Amino acid sequence: MKLARDPNLDALCGEYLLGTLRGAARRRFERALREEPLVAARLRHWQGLAPRYSAMIETPPPASAWPRLERELGLSRYRTPWHRRVSLWRGWAIAATAAALLAVGLQIVPLKPTSSFAEIAQLSGPGDAARISAALSADRRTLELRATRPVLAGPSQSYELWLIPAEGGAPVSLAVLGSLDAKLALPAAQAARLTRGAKLAVSVEPAGGSPTGAPTGPVLFAGAIEV
Amino acid sequence: MRSDADIKRLLLATAARGEGAAEAFEGLYKACSPLLFGIAQRIVRRRELAEEVLHDGFTRIWAAAGRFDPLAEQPVAWMAAIVRNRALDLMASHDVSRVDSYPEEDELDRLFDWSPAADDSVDAGRASRWLRDCLGELRPQERQALVLAYDRGMSHSDLAAHLAQPLGTVKTWVRRGLANLRSCVEECMGAVR
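Residues numbered from 1 in each chain as written. Chains lettered and ligands numbered in written order. Predicted model: local features only at pLDDT ≥ 70, side-chain atom pairs only at ≥ 80, totals over all residues. Heavy atoms only, no water.

**Description of the overall build of chain B**
So, step 1. Within chain B one finds 9 helices and 1 strand.
So, step 2. What you see in chain B, going N to C, is helices and strands ordered as α-α-α-α-α-β-α-α-α-α.
So, step 3. Considering chain B as a whole, with its 193 residues, one finds that 51% of them fall into the buried category.
So, step 4. In chain B, the share of contacts with a sequence separation of at least 24, taken over all contacts with a separation of at least 6, comes to 66%.
So, step 5. If you sum the accessible surface of chain B, you get close to 8900 Å²; carbon and sulfur atoms cover 50% of it. (Helix = DSSP H or I, 4+ residues; strand = E, 2+ residues; numbered from the N terminus. Buried < 20%, exposed > 50% of the residue type's maximum accessible area, 1.4 Å probe, protein only. Contact = heavy atoms within 4.5 Å. Areas by Shrake-Rupley, 256 points an atom, 1.4 Å probe, with all protein chains shown as cover.)

Laid out in structure tokens, this is it:
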């Protein structure tokens, strides 16, 4: 029998919305909702009258709830690929960085890589003046970062340096940094990937680095390796 | 809480499953999870069960976002219905005792926001006022049964136990309460046409 012609349709909609329609009766109603457009339309009519909950009943869920959802639903697949965001970062990184840049003052540190280092990339950041020069030592074992302005991470965040391989693929973490003036020893496997066409980028992460192994925060600086 | 228009945009971007769908879903979660968690907790009464309900609810929202009809449905009500249904299912499969007292006084106005939302249509704003007025006109026992069922997810037998009344009596209260509410609201609608 079609539920749409049932004289009790409105009463069933009411008990369904109220929650007192249970068990087999509820399953029957839900099947009719899927199969009979008139039933669905009638329910929507009454649903439109349901009261709006007050903000007073809001209760923040535990912080662990979102990471669990994200993991179980495999949401990382649906994130905007990070290497595509590199060229677009400007719009959304400025707010995140402005505070950090202002907080540490505006003195300019001249870019002067030491003689045994050769610059391989310029990473541009928010505003024309903010740049990082990345230089590689002659033996390719040490990477030196020098920022045009000293930028220190806040107590609850770190910077993370990423390599996006020239052949594409997921970003590889090179280092977690507290300051954007840093010297870091490179594992040989990573040094070999610092080739022309690869990109370097710096993102903001929770203190200690990305919890997922992939960038999670805004990208502040990015640039391609030129040599 | 963001506006309904924002929530709709996020739901549609989630449904599209394109690049940025995860960011949209995260925005949806940030905007709506406190309300939905509050709703779940009011029904299941235990925090760890409410966490399960929220998790399952958002899993369903992610899966069903493509079936959300932006022209016909209020986005928050749509998500709230998913979470409520999940909470009711869970209550049916768990034997959760309900011994908590329930303050009746002013509950309707603490629980619901009767003022029209910024982006409500004139009709929706009016309907919300009608519903509040019509609830006020119900017999007290009918109103109490409806509020307990809606807010706390009580079944007929929960209501009978909670209100210390025979099952048949609370079923009648619920049925009559809904019927009176419906005819009162329909009268208000008819009066403005």
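Still to come is the rest of the account.
**Notes on the overall build of chain A**
So, step 1. Check the secondary structure of chain A and you find 7 helices and 9 strands.
So, step 2. Out of the 227 residues in chain A, the part that is buried amounts to 46%.
So, step 3. Considering only residue pairs separated by 6 or more positions, chain A has 60% of its internal contacts joining residues 24 or more positions apart.
So, step 4. Surface summary for chain A: the accessible area is close to 11400 Å², and the carbon and sulfur share equals 57%.

**Focus: the state of the cysteines**
Residue and element names in this part refer to chain B.
So, step 1. Counted under the stated rule, the structure contains 1 disulfide over all chains.
So, step 2. At a sulfur-sulfur separation of 2.0 Å, the disulfide partner of Cys 134 is Cys 184. Torsion about the S-S bond of the Cys 134 and Cys 184 cystine: about -75 degrees, corresponding to left-handed handedness. You can see Cys 134 sitting in helix 6 (residues 122-137) and its partner Cys 184 sitting in helix 9 (residues 167-192), a full 50 residues away along the chain. Cys 184 shares its class with Cys 134; the two are buried. (Disulfide = S-S within 2.5 Å.)

**Focus on the packing of helix 1 (residues 4-16) of chain B against helix 4 (residues 75-93) of chain B**
Residue and element names in this part refer to chain B.
So, step 1. Taken N-terminus to C-terminus, the directions of helix 1 and helix 4 make an angle of 60 degrees; their axes are 8 Å apart at the nearest point. Judged by the angle between their axes, helix 1 and helix 4 are oblique. Between helix 1 and helix 4, the contacting residues are Asp 4, Ile 7, Lys 8 and Leu 11 on the first element and Pro 75, Val 76, Trp 78 and Met 79 on the second.
So, step 2. Its residues assigned to classes, the contact of helix 1 with helix 4 comprises 6 nonpolar, no polar and 2 charged. (Axes fitted to C-alpha atoms, helices over the stretch in contact; angles between N-to-C directions. Parallel < 35°, antiparallel > 145°, perpendicular 65-115°, else oblique. Nonpolar A, V, L, I, M, F, W, Y, C, P; charged D, E, K, R; others polar.)

**Quick notes on helix 3 (residues 47-64) of chain B**
So, step 1. The terminal C-alpha atoms of helix 3 of chain B lie 25 Å apart, and with 18 residues this matches the ideal 26 Å at 1.5 Å per residue to within 8%.
So, step 2. Residues Leu 49, Ala 50, Val 53, Leu 54, His 55, Gly 57, Phe 58, Ile 61, Trp 62 and Ala 64 of chain B constitute the buried set of helix 3 of chain B.
So, step 3. Tucked inside the fold, the buried residues of helix 3 of chain B contact helix 4 (65-72) of chain A together with helix 1, helix 2 (21-44) and helix 4 of chain B. (Expected span 1.5 Å × (residues − 1).)

**Considering the nonpolar core**
So, step 1. Membership of the largest hydrophobic core comes to 89 residues, with the highest contact counts inside it found for Phe 29 of chain A together with Phe 25, Leu 36, Val 44, Ile 61 and Leu 159 of chain B.
So, step 2. Per element, the largest residue contribution to this core is 15 residues, and it comes from helix 2 of chain B.
So, step 3. Residues from two domains meet in this core; each of domain 1 (4-94) and domain 2 (105-192) of chain B gives at least three.
So, step 4. Among the nonpolar cores identified, the runner-up in size contains 29 residues, and Leu 136, Leu 161, Leu 194 and Val 204 of chain A belong to it. (Core = buried A, V, L, I, M, F, W, Y, C linked by side-chain atoms within 4.5 Å. Domains from an automatic or database assignment.)

**Observations concerning the interface of chain B and chain A**
So, step 1. Residue-level contacts link 61 residues of chain B with 43 residues of chain A.
So, step 2. Across the chain B to chain A interface the summed buried area is about 4800 Å²; carbon plus sulfur atoms make up 61%.
So, step 3. Where chain B packs against chain A, one counts 5 salt bridges.
So, step 4. Between Glu 52 of chain B and Arg 68 of chain A there is a salt bridge; the shortest N-O distance is 3.3 Å.
So, step 5. There are 17 residue pairs in polar contact (both at pLDDT 80 or more) connecting chain B and chain A.
So, step 6. Mapped onto the side of chain B that touches chain A, the elements with two or more residues apiece are helix 2, helix 3, helix 4, helix 5 (107-111), strand 1 (112-113), helix 6, helix 7 (140-152) and helix 9 of chain B.
So, step 7. The pairing of strand 1 (residues 52-53) of chain A with strand 1 of chain B spans 2 bridges and is antiparallel. Looking at strand 1 of chain B, one finds that Arg 52 of chain A is bridged to Asp 113 of chain B. (Buried area = accessible area lost by both parts, 1.4 Å probe. Salt bridge = Lys/Arg side-chain N within 4 Å of Asp/Glu carboxyl O. Polar contact = N/O pair within 3.5 Å; in protein donor to acceptor, adjacent residues only side chain to side chain. Pairing = 2+ DSSP bridges.)

**Remarks on a positive patch on the surface**
So, step 1. Residues Arg 28, Arg 31 and Arg 34 of chain A together with Arg 60 and Arg 67 of chain B make up a contiguous surface patch of positive charge.
So, step 2. Here the element with the most residues in the positive patch is helix 2 (residues 23-35) of chain A; it accounts for 3 residues.
So, step 3. Within the secondary structure, Arg 60 of chain B sits in helix 3.
So, step 4. Exposure remark for Arg 60 of chain B: the relative accessible area of 45% places this residue in the partly exposed category. (Patch = residues over 30% accessible without salt bridge, like charges linked within 9 Å, V, L, I, M, F, W, Y side chains within 5 Å. Lys, Arg positive; Asp, Glu negative; His and termini not counted. Charge placed at Lys NZ, Arg CZ, Asp CG, Glu CD.)

**Quick notes on the packing of aromatic side chains**
So, step 1. Under the definition given, this model contains 12 aromatic pairs over all chains.
So, step 2. Their ring planes at 45 degrees and their centres at 5.9 Å tell us that Trp 66 of chain A and Phe 25 of chain B sit as a pair that is tilted. Here Phe 25 of chain B lies in helix 2 and Trp 66 of chain A lies in helix 4, a pairing that spans two chains. Side by side, Trp 66 of chain A and Phe 25 of chain B carry an identical accessibility label, which is buried.
So, step 3. Both rings, one in Phe 112 of chain B and one in Tyr 150 of chain B, keep their centres 5.8 Å apart while their planes meet at 50 degrees; by these two values the pair is tilted. Taken as a pair, Phe 112 of chain B in strand 1 and Tyr 150 of chain B in helix 7 lie far apart in primary sequence, 38 residues in all.
So, step 4. An aromatic cluster is present here, built from Trp 66 and Tyr 78 of chain A together with Phe 25, Tyr 29, Phe 58 and Trp 62 of chain B joined pairwise through their rings.
So, step 5. In this arrangement the basic side chain of Arg 17 of chain B is found over the ring face of Tyr 78 of chain A, its NZ or CZ atom lying 5.8 Å from the centre.
So, step 6. One residue, Arg 84 of chain B, lies across the ring of Tyr 150 of chain B, its end atom 4.3 Å from the ring centre. (Phe/Tyr/Trp six-rings, centres within 6.5 Å; stacked < 30°, edge-to-face > 60°. Lys NZ or Arg CZ within 6 Å of the ring centre and 35° of its normal.)

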